Every structure is written in structure tokens, then in C-alpha cells.
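Residue-level structural notes
Here is how the chains run, residue by residue.
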Amino acid sequence: MTTLPDAQLYIDGQLRGASDGGTFDVISPWTGAAIGKAADATADDVNAAIAAARRAFDQTDWATNTEKRVALVKKYRELFEAARPRLGELAINEAGAAQGAVSRAHVGMALDGWDDYMAVFDKLEWEKDYGEKPAFGMVHKRIGVREPVGVVGAITPWNVPLYVNIGKIVAALLAGCTVILKPAPDTPGMGAIFGELAKEAGFPDGVINVVFGADPALAGEMLVTDPRVDLISFTGSTGVGKRIMEQGAATLKRVFLELGGKSAKIVLDDAPNFAMEVGMAMLVFHAGQGCAVQSRLLVPRSRYEEAKAILKGAYGNFGDNWGDIENPAHIMGPVISKRQMERVKSYIDLGQQEGATLLAGGNIRPDKGGGYFVEPTCFVDVTNDMRIAQEEIFGPVLVVIPYEDDEDAVRIANQSSYGLSGGVSSGDLDRAINIAKRVRTGSMSVNNGMCIAGDIPFGGYKASGMGREWGLEGIEEFTDVKILAWPVGQAAA
Ligand code: NAD
């Protein structure tokens, strides 16, 4: 059985255990067994991390020495490259990634995203000329200067931990902020490696800190409520996101939120390869545990029976080709935890109670191992008002909803509290783009266009969050703009 190295905290340049020596078990989603130990940060540890990040921001040249920052972030990236096999092991063993998923969102896309950040960083406009304007009998020259926002608390989930950790840490560091990373209790190792490699890269003490613990809320709430932290960058559930806004209000915290989703894929009646479009909507990659997955499939009522038959065949063909940790071709493993497995199963039971028809799957599969395996599941005869169509299940459960015409498809797609992503497919590109523009969501894939990458912004509308991560916009999130103005005729320094 795999044993992961102990996950250590990283505080003020020191890799260390918790101040009281406490640890907690890291559980394998594949077996349900403990596969490692992680330090269980105390309130004192979190306090020390915040103090270190504050000091590094206020008393060193980190915020102003861009050249030094870029050189260190490049070195950090090289160390992550060398650690690629270990990152894969962590994704598999902690997050439950199947081997075939590692080179995609878990590690491959994550490191590519880092490179994209480095590339777009060059385009950041540190100084902007706002021209001259007369006022009070003089003409005034105005410029805007971009400055790092300060100390960042980065709170991240377990589903694609490397990807989300990079999305926050690399952007914050490039912008000139100092960071306290707080990964989810399920994936401390994928946080700890940011401390280990930061030490190896030689970052100044306090610039990067990593704290985690068995209690999901303790460290996060301390970051959210502490006046020494300037910005919280959070990815996780909408419920916790709302709590962060509430709790952050007392110190007027800047909050950046990437939250849940219930994105719709709309297949139009003229989609050139209808069978492929419908079949590939099967929600199996990483057991459906992705915030931007298209978990509502919208098909024309006139072709609904045809779509059902296609999906029946697709799920049948997929069969039992999932859930084997040894199989390099598998893209679906277990869900993260017993709690998540029970939650997903309760939604499957709910769907049946609500009157939807189970077309495929629906069972927990203990025969796959001692871990948390839920079958690829598909519900048809779903109406958009059912809870299985409205609530984020975060598991391998697809719901298929019929629509009458384009108007109806847009209405159904928008009839959701969420607005993170989605897709539309048609033989007529203009028709597809027109629909994509009308769906209130942060990204839309048109004819399977890749709408998520490290050099373009990503984020949500409505209950899916606020602000943007990735791309130049993702780096700018960690900055503020200061305006300077002086009467013309006086030379600038
Ligand atoms: P979660 O909200 O339970 O936890 C996310 C993080 O917040 C964890 O680190 C957790 O320990 C911490 N946390 C929990 N309670 C807290 C509190 N009161 N104060 C501060 N921090 C707290 O989410 P999860 O179960 O880890 O992840 C799944 C959710 O994340 C899904 O809803 C999914 O849609 C969402 N997600 C969104 C995106 C995106 O980019 N929009 C990406 C990945 C995951």
C-alpha cells in the first residue's frame, strides 16, 4: 500500500509540525485506509503564518522587486517540473484521480496554466497614463500605478488541488503579494509540496506559508477574520463562499470567490454529429468532481428518445472501465470521501423520489475496493425544477432535460442559481454563438471549443462566484490601482 511522506506546515521559512505536535490521517479515497499523516495546525501556527506573511510584505522588497520575484517564480516552476511524478502520485492517492486523468486537469493542465501565467504576466500594465485634465485653473497630469494588494489568504478545495493552488499562489506571487495557502483537509500533501519547494527555491521567509488541519474551518476562518490579511481568494462550495463574505465584512476583506456550478450543455437539433455530442456528455471524468463540468444535458424534445438510446449505449460501452488505480486508461476513480459518497447517493435516491428515470448506474460499488465508488449515473425524464437539476451534486451524475426550441433551451440553461460554465453545439456557428452569448455564465464552450486555459480568465456569474482567476485578469485580481496626479510643468520623479 502507498504511504505518502508526512505533510508538514511551512511557516516563516520553516518546514515543521504543529506547535502542539498534533497530526491527522490522510485517507485514500481508493481504500478508505490511512496513507499518511499531516500536521494539524493550531491557532498559534495560523497566527504565526499570518504574522510572517504580513512582515514579509511590509518589511522586505518582495512587493516592489519584480525582477527578483519573476526569477524565483521561474525557479519554483522548474522544481515543480522535476516533481511531476510526485505530483501525479499525490493527485492519485490523495484526490482519487485515476491515472488517465493525471496528465489532464490534475497535473498537466495545472503546470501548463503556470506557464500561461508567466507568459501573460509580461503584459501587465504596471503604470497607465490617464492623460491631462484641467481643474482649479491648472492642468493636471494623472497616472495609475498598479500595486500588490498585500497579504493573501488562499483557501482551496480537494477536487483538483494542484490546479487551484497554482491558480492562486502563482498569480499572487507574480503580483507581489505574500501568501498563506490553506488547502482542504483531504489534500494536505498537495499543499505541503508548495512549502517544501518554496524552501528549496529560496523564497524569502514569510513570502509563502502553508497551513492545514483536520478542522476544515479553523484556519480558513482565522484568515477571513484577521485584519492583517488583505484579500481572501477562495475556491470551494457556495455555502462556504457566502460565509466568507459575511465573516470578511467586519474587516472589509477583499474577497475573490470561485464557487459551485450546475452548467448546461445544449445540443441543438442541427448538431452535425448528434450522437457524438450527446454521448460525450457522459459525466465520468474524475467522477464528476469538477466545478465547471456540464452536469445538465439539454437536448431537443424532438430528439429526446434518440438521445436516451445514445446515452444508454454510451454508458453501456463505458461499462466497468473505471475505478482501477492500476489502469492507466481509466479517467474515473472514486469520489473523495465517505461523506461525499453518501451525499451523492442521497441525490441519486432523491432523483428517483422526484420522478426522474435512472437510465444508467445509481449504485455504490463496494466491490471496487474499500474506498468511495459511485457508478457513472444518468437520469432522464428530468425537469429543470427538480432538485437534481438545480443543486450541485459534485459526483458522476448527469441529468438530461428536454427543451422545445432555442428560446426554451436558453431559458432552462439560465434557470439556475449558478452560472459558471456551459456549452452549446450546432452546425450553424452563428446560431451557437448567439445562444452562448445569452447564457448567463462565466464561460461557454461553442462546438466544444476549449474555454478554460491558463491564459484566459475563468470565473462565475451569480452563485458561482465573483472575480476572475487565470489570465492577466487573474493576476490583476491581486493588485490595486493607485492614482497619482500633479500639475503639468512639474517633472515626474
Ligand atoms: P468547501 O467549501 O467545503 O471547502 C473549500 C475550502 O474551504 C477547504 O479548504 C475547506 O477546508 C475550507 N473551509 C471550510 N469551511 C470554511 C469556513 N467556514 N471558512 C473558511 N474556509 C472554510 O468545498 P470542497 O468540498 O472542498 O470543494 C467542493 C466545492 O468546491 C464544490 O462546490 C465545487 O463546485 C467547488 N469548486 C469550485 C471551483 C471553481 O473554480 N469555481 C473549483 C473547484 C471546486
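Residues numbered from 1 in each chain as written. Predicted model: local features only at pLDDT ≥ 70, side-chain atom pairs only at ≥ 80, totals over all residues. Heavy atoms only, no water.

Our next topic: the overall build of the protein chain. Within the protein chain, the regular secondary structure consists of 16 helices and 22 strands. The globule rule puts the C-alpha radius of gyration for 493 residues at 23 Å, and the 24 Å found for the protein chain is close to it. Judged by the C-alpha coordinates and their principal axes, the protein chain covers about 75 × 60 × 40 Å. Restricting to contacts in the protein chain with at least 6 residues of sequence separation, those with at least 24 account for 73%. Carbon and sulfur atoms make up 53% of the accessible area of the protein chain, which totals about 19200 Å². A gap of 3 Å separates the mean positions of the 48 positive and 63 negative side-chain charges of the protein chain. (Helix = DSSP H or I, 4+ residues; strand = E, 2+ residues; numbered from the N terminus. Rg over C-alpha atoms; globule rule 2.2 N^0.38 Å. Contact = heavy atoms within 4.5 Å. Areas by Shrake-Rupley, 256 points an atom, 1.4 Å probe, with all protein chains shown as cover. Lys, Arg positive; Asp, Glu negative; His and termini not counted. Charge placed at Lys NZ, Arg CZ, Asp CG, Glu CD.)

In this section: the UniProt feature "domain: Aldehyde dehydrogenase" (unreviewed entry) in the protein chain. In the numbering used here, UniProt assigns the "domain: Aldehyde dehydrogenase" (unreviewed entry) feature to residues 20-483. Helix makes up 39% of residues 20-483 and strand 21%. Its end C-alpha atoms lie 47 Å apart. (UniProt positions renumbered as here; feature names shortened; annotations may be inferred.)

With that settled, the discussion passes to the domain arrangement of the protein chain. Once the domains are mapped, the protein chain shows domain 1 (9-259 + 465-482) and domain 2 (264-454). Taking the mean C-alpha position of each, domain 1 and domain 2 sit 31 Å from one another. Contact residues are listed per partner, giving 33 residues for domain 1 and 32 residues for domain 2. At the boundary of domain 1 with domain 2, total buried surface from both sides reaches about 2300 Å², with 62% on carbon and sulfur atoms. It is Trp 30, Gln 99 and Trp 158 in domain 1 that bury the most area against domain 2; as a group they hold 27% of the surface buried on that side. Here domain 1 and domain 2 share 0 salt bridges between them. For the pair domain 1 and domain 2, the number of links is 10 residue pairs in polar contact (both at pLDDT 80 or more). With 6 residues, helix α4 (residues 99-106) is the largest single contributor of residues to the side of domain 1 that touches domain 2. Among the residues forming the side of domain 1 that touches domain 2, the class breakdown is 15 nonpolar, 12 polar and 6 charged. (Domains from an automatic or database assignment. Buried area = accessible area lost by both parts, 1.4 Å probe. Salt bridge = Lys/Arg side-chain N within 4 Å of Asp/Glu carboxyl O. Polar contact = N/O pair within 3.5 Å; in protein donor to acceptor, adjacent residues only side chain to side chain. Nonpolar A, V, L, I, M, F, W, Y, C, P; charged D, E, K, R; others polar.)

Another aspect to go through is the packing of aromatic side chains. A complete count under the given rule lists 13 aromatic pairs for this structure. Both rings, one in Trp 322 and one in Phe 373, keep their centres 6.3 Å apart while their planes meet at 55°; by these two values the pair is tilted. Residue Trp 322 is located in the loop between α11 (304-318) and α12 (338-353), and its partner Phe 373 is located in the loop between β14 (357-360) and β15 (377-380); the two are separated by 51 residues in the primary sequence. Judged by its relative accessible area of 1%, Trp 322 is buried. (Phe/Tyr/Trp six-rings, centres within 6.5 Å; stacked < 30°, edge-to-face > 60°. Buried < 20%, exposed > 50% of the residue type's maximum accessible area, 1.4 Å probe, protein only.)

Right, let's talk about the state of the cysteines for a bit. Disulfide: a covalent bond formed between the sulfur atoms of two cysteine residues. Tallying each qualifying case throughout the model produces 0 disulfides. Cysteine Cys 451 is unpaired, with the sulfur of Cys 291 as its nearest cysteine sulfur at 11 Å. (Disulfide = S-S within 2.5 Å.)

The UniProt record marks Glu 258 with the feature "active site" (unreviewed entry), using the residue numbering of this structure. Within the element layout of this structure, Glu 258 appears in strand β11 (residues 254-258). Relative accessible area serves as the criterion here: at 4%, Glu 258 is assigned to the buried category. Beyond its immediate sequence surroundings of up to four residues, Glu 258 is in contact with Phe 234, Thr 235, Gly 236, Leu 420, Phe 458, Gly 459, Gly 460, Ser 464, Arg 468 and Glu 469.

This part takes up the sheet that holds strand β22 (residues 479-487). Reading across from one edge, β5-β6-β22 is the order of the 3 strands in this open sheet, with antiparallel pairing throughout. What marks the edges here is a single partner per strand, and that holds for β5 (127-135) and β22. Direction aside, the axes of adjacent strands within the sheet are offset by 25° on average. Pairing of β5 with strand β6 (residues 138-148) involves 7 bridges; the strand directions are antiparallel. In the sheet register, Asp 129 faces β6, and the bridge partner there is Ile 143. (Pairing = 2+ DSSP bridges. Axes fitted to C-alpha atoms, helices over the stretch in contact; angles between N-to-C directions.)

Now for the site of the ligand. Close contacts around the ligand come from 27 residues, with Thr 156, Pro 216, Ser 237, Leu 259 and Glu 392 the closest. Backbone polar atom of Thr 156 to an oxygen atom of the ligand: 2.7 Å apart, as the coordinates give it. At a separation of 2.7 Å, an oxygen atom of the ligand approaches a polar backbone atom of Pro 216. Within the complex, the protein chains bury 90% of what would otherwise be the 850 Å² of accessible surface of the ligand. Of all the secondary-structure elements, those providing two or more residues to the shell around the ligand are α8 (218-225), β10 (231-235) and α9 (238-248). (Near = heavy atom within 4 Å.)

Turning our attention to the side chain of Ser 443. Note that Ser 443 resides in the loop between α15 (429-438) and β19 (445-446). Sequence-distant contacts of Ser 443, that is, excluding residues within four places in its chain, are made with Leu 420, Ser 421, Gly 422, Cys 451 and Phe 458.

On the basis of which strands lie adjacent, the open sheet formed by 7 strands has the order β14-β15-β16-β13-β12-β18-β19 and mixed pairing. The strands lining the two open edges of the sheet, one partner per strand, are β14 and β19. Judged from the 4 bridges that link them, strand β12 (residues 263-267) and strand β18 (residues 422-425) form a sheet pairing that is parallel. Considered in β18, the bridge of Ile 266 is made with Val 424. Packed onto the sheet, α12 meets β14, β15 and β16 (397-403) and runs at close to 25° relative to β15.

Most of β16 is tucked away, with 7 of its 7 residues classed as buried. Every second residue of β16 is oriented toward a common face, with Val 397, Val 399, Ile 401 and Tyr 403 on one face and Leu 398, Val 400 and Pro 402 on the other, all of them buried. Across 5 bridges, the pairing between strand β13 (residues 294-300) and β16 is parallel. Bridged to Leu 297 within β16 is Val 400.

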